[in-house]
Amino acid sequence: MKRKLYFISMIFLLIVNLQCNDKSIENNILSNKRITKEISGNQADTFFIELEKNRFIFASLFQMGIDLYVKIVDPQNNIIHEIDQLKTGPEFISFTTAQSGKYKILVKPTNPIAGTGSYNIGLEKNIKTNHTKEEQVNQLFAEFDKDHNPGAAVAIVHNGNVIFKNGFGSSDIEKNTKINPSTKLNICSIGKQFTAFAIALLEEKGMLSVTDDVRKYIPELNDFGSKITLLDLLNHSSGLREIADLLELSGKSSNGPFSEEDVMKIIYRQKELNFQPGSEYLYCNTGYILLAEVIERITKKDYTEWITENIFKPLEMNNTQFYYDPDNFVTDFAWSYTLERGNYKKELLKKVWYVGAGNVFSTVEDMCSWLINFDYPKLGDKELILKLGKKGNPMNKDGNDTYVYGRVNSKYKGLDYYWHGGGGYGYTAQIIHFPENKFGAIILSNFVYGGVFNRARQIADIYLVDHFPLSENTNSDINREEYVSIKINNILVKSLNLKNYEGTYYSEELDIYYSIFHRGNNLVASNSIVGECSLTHVNGDIFSGDRWYFSNVKFKKSKKNEICEFTITNDRVRNIKFKKTH
């Protein structure tokens with residue numbers, strides 16, 4: 001029997017039932033009375049709350065039809081938190097006051113040209129901060145620590161010691177079994193760190209070089225005309241297309257089930273890249289799956305066996321194992337949960353082959369051993385650890401964040417640190433490490449809205465408060481920020497004849513056919529396995545699909561001015577070609 005959410009369901013009910021027309025909303029005072037407001041891309045809202053020093057604040061904002069960005073600004077106009085983790089659903093807002101005065105919560109759409117959506121915001125907790133650091137961490141996760149709620153396991157290391165570990169919520173809601181520090185949870189993409197470390201160990205032994213062409217080890221991979229190095233795979237600069245998107249487009253859900261054969265077959269069929277290797281950063285699970293294959297071919301051992309023998313066992317990570325098939329998975333783990341109409345929904349385990357790229361189940365206790373090894377190497381020497389920390393491929397134009405060997409190198413409040421996150425199948429995970437302070441934290445959650453990214457940094461706020469060399473100041477209110485406006489023509493040209501686009505199209509790289517036909521003012525892309533995707537006209541021969549992997553569809557005309565193909569582009573896949581067959 002499904003149980004009502006203690007916390008989130010109240011948000012859902014209020015969203016459905018509450019239409020607040022109280023004129024006091026105009027004052028924008030954040031309180032426990034929930035407020036529903038409309039907002040569009042060129043708008044921003046500011047909420048105020050008068051607070052005393054040492055107060056713990058927890059609020060929730062539920063996004064409906066629009067992706068929002070939140071900033072918390074203290075009385076001295078310092079930005080103390082920035083929140084933008086989910087494109088839809090709840091954003092959780094929590095912070096501890098360091099001084100008395102008026103605080104601002106600034107809300108704006110992430111896309112300045114977004115259409116109108118709405119959100120619901122309300123204050124959940126305004127209580128006195130606990131005294132000890134351990135109590136403050138427990139307070140940070142208090143809303144999870146209830147019966148019949150999913151939750152999280154948390155651990156913190158400092159100077160080579162585990163200084164905090166605890167569990168919150170249930171590993172199985174129906175049985176009400178509790179999450180504890182030895183509960184196995186999916187660390188998701190954090191598992192890439194083991195693959196990267198393995199490559200570094202093999203290079204140290206002289207068994208490979210990260211400058212090697214991947215085709216030296218996997219000749220089945222297409223020759224794209226440019227060398228793709230192992231370092232390109234490690235740092236997401238290979239140009240290879242993302243396997244999750246390719247699976248969806250080829251008719252297989254990226255949530256499973258799918259096998260190793262399904263994955264490798266579609267990778268080997270690819271004929272083009274997203275970009276020239278080494279020229280860009282674009283996160284790509286495909287590269288890490290190929291790195292696992294390289295490890296197998298060099299060591300002549302199964303990847304999972306080699307990692308277990310050469311990484312997990314030396315670090316005494318005895319409760320860490322790979323998952324790819326429910327038939328060979330052990331018990332004593334936390335089920336994951338998503339939301340469905342205000343109820344928790346258990347996610348069922350499926351056969352998924354992301355070996356090398358993620359899907360590792362571990363405990364926060366085991367992951368403490370992993371974190372400590374970066375400060376006090378038990379596996380690999382100091383030279384290898386230093387190599388793992390070198391600047392990698394820039395992830396953005398300003399170059400402040402770089403990706404290197406399975407970790408993001410960045411700064412937090414003036415301190416250098418490394419982090420990586422993960423999410424999938426209802427699990428969320430976050431790991432952070434401050435090498436100069438020999439401090440790290442790991443959060444593993446079995447809830448799709450675990451809020452692990454912000455909570456990990458708030459743990460750093462609690463323990464490293466006296467070590468931050470810089471304050472982050474803002475002299476400009478969010479309402480006065482300048483936006484770059486991009487004008488898009490959304491008007492359907494009257495002379496556009498949708499019948500011209502109809503036909504059957506085939507992708508050699510995906511080995512799949514799609515039928516294109518029109519329905520009303522839209523085109524529809526249809527496949528018996530994938531189903532139907534509605535395509536809305538944007539401009540010229542460009543359409544936008546209503547599925548994330550069909551986000552941009554561009555039709556091409558032949559010399560005879562007839563539609564002959566279309567290409568699909570999305571966040572991690574560019575220009576997949578579909579040729580018109582008839």
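None of the values given here were measured: they were computed from a predicted structure. (Residues numbered from 1 in each chain as written. Predicted model: local features only at pLDDT ≥ 70, side-chain atom pairs only at ≥ 80, totals over all residues. Heavy atoms only, no water.)

Draft legend 1. Layout of a negative patch on the surface. Together, Glu 260, Glu 261, Asp 302 and Glu 305 make up a region of like negative charge exposed at the surface. With respect to the secondary-structure elements, Glu 261 resides in helix α6 (residues 260–268). (Patch = residues over 30% accessible without salt bridge, like charges linked within 9 Å, V, L, I, M, F, W, Y side chains within 5 Å. Areas by Shrake-Rupley, 256 points an atom, 1.4 Å probe, with all protein chains shown as cover. Salt bridge = Lys/Arg side-chain N within 4 Å of Asp/Glu carboxyl O. Lys, Arg positive; Asp, Glu negative; His and termini not counted. Charge placed at Lys NZ, Arg CZ, Asp CG, Glu CD. Helix = DSSP H or I, 4+ residues; strand = E, 2+ residues; numbered from the N terminus.)

Draft legend 2. Summary view of the nonpolar core. Judged by nonpolar contacts, the single largest core of 149 residues is most densely connected at Phe 141, Phe 194, Ile 311, Trp 370, Ile 459, Phe 550 and Phe 555. If we ignore the near neighbours within four places in the chain, the residues touching Trp 370 are Gln 193, Phe 194, Phe 197, Ile 311, Leu 315, Met 317 and Ile 431. (Core = buried A, V, L, I, M, F, W, Y, C linked by side-chain atoms within 4.5 Å. Buried < 20%, exposed > 50% of the residue type's maximum accessible area, 1.4 Å probe, protein only. Contact = heavy atoms within 4.5 Å.)

Draft legend 3. Focus on the pairing of strand β3 (residues 55–64). Where burial is concerned, most of β3 is hidden: nine out of the ten residues are buried. Where β3 meets strand β8 (residues 117–128), ten bridges bridge the pair, whose relative direction is antiparallel. Paired with Phe 62 across the two strands is Asn 120, which belongs to β8. Looking at chain direction, β3 and strand β6 (residues 89–96) are connected through eight bridges and run antiparallel. In the sheet register, Ser 60 faces β6, and the bridge partner there is Phe 92. (Pairing = 2+ DSSP bridges.)

Draft legend 4. Main features of the sheet that holds strand β18 (residues 393–394). Overall, antiparallel pairing links the eight strands, which are arranged β10-β9-β23-β22-β21-β20-β19-β18 in an open sheet. Edge positions in the sheet fall to β10 (161–168) and β18, since each of these pairs with one other strand and no more. As paired strands, strand β9 (residues 152–158) and strand β23 (residues 439–445) are joined by seven bridges and run antiparallel to one another. By the bridge assignment for β23, Ile 156 is matched with Ala 441.

Draft legend 5. Here's a closer look at the pattern of salt bridges. Across all of its chains, the model carries 22 salt bridges by this definition. When the shortest N-O distance is used, the salt bridge between Lys 37 and Asp 45 registers 3.8 Å. Accessibility assignment for this pair places Lys 37 and Asp 45 in one class, buried. For Asp 172, the salt bridge goes to Lys 346, with nearest N and O atoms at 3.6 Å. Placement of Asp 172 in strand β11 (residues 170–172) and of Lys 346 in strand β16 (residues 343–346) is noted, with a sequence separation of 174 residues between them. You can call Asp 172 buried: its relative accessible area is 8%.

Draft legend 6. Looking closely at the sheet that holds strand β24 (residues 503–507). Taken in spatial order, the eight strands line up as β24-β25-β26-β27-β28-β29-β30-β31 and close into a barrel, and their pairing is antiparallel. Pairs of neighbouring strands in the sheet enclose a mean axial angle of 30 degrees, with direction left out of account. In this structure, strand β25 (residues 512–519) lies alongside strand β26 (residues 522–527), joined through five bridges in antiparallel fashion. In the strand pairing of β26, His 518 is matched with Leu 523. (Axes fitted to C-alpha atoms, helices over the stretch in contact; angles between N-to-C directions.)

Draft legend 7. Region of the structure containing the packing of aromatic side chains. For the structure shown, the criterion picks out 41 aromatic pairs. Between Phe 333 and Trp 335, the aromatic rings sit 5.1 Å apart at their centres with planes inclined by 50 degrees, giving tilted as the arrangement. Owing to a relative accessible area of 13%, Phe 333 belongs among the buried residues under this scheme. Judged by centre distance (5.2 Å) and plane angle (90 degrees), the ring pair of Trp 548 and Tyr 549 falls under edge-to-face. In this structure Trp 548 comes out as partly exposed when scored by relative accessible area, which is 47%. For Tyr 549, a relative accessible area of 4% corresponds to the buried category. Through pairs of rings, three or more aromatic residues link up here, namely Tyr 501, Tyr 505, Tyr 514, Phe 543, Trp 548, Tyr 549, Phe 550, Phe 555, Phe 566 and Phe 578. We note Lys 192 situated over the ring of Tyr 288; from NZ or CZ to the ring centre the distance is 5.9 Å. (Phe/Tyr/Trp six-rings, centres within 6.5 Å; stacked < 30°, edge-to-face > 60°. Lys NZ or Arg CZ within 6 Å of the ring centre and 35° of its normal.)

Draft legend 8. Representation of unusual backbone geometry within the structure. The residue after Gly 256, namely Pro 257, is reached through a cis peptide bond having omega 0 degrees. Here Pro 257 shows up in the loop between α5 (243–249) and α6. Located in the positive-phi region is Asp 511, a residue other than glycine, with phi close to 55 degrees. The phi dihedral of Asn 561 is positive, around 65 degrees, even though this residue is not glycine. Here Asn 561 is to be found in the loop between β29 (552–557) and β30 (563–569).

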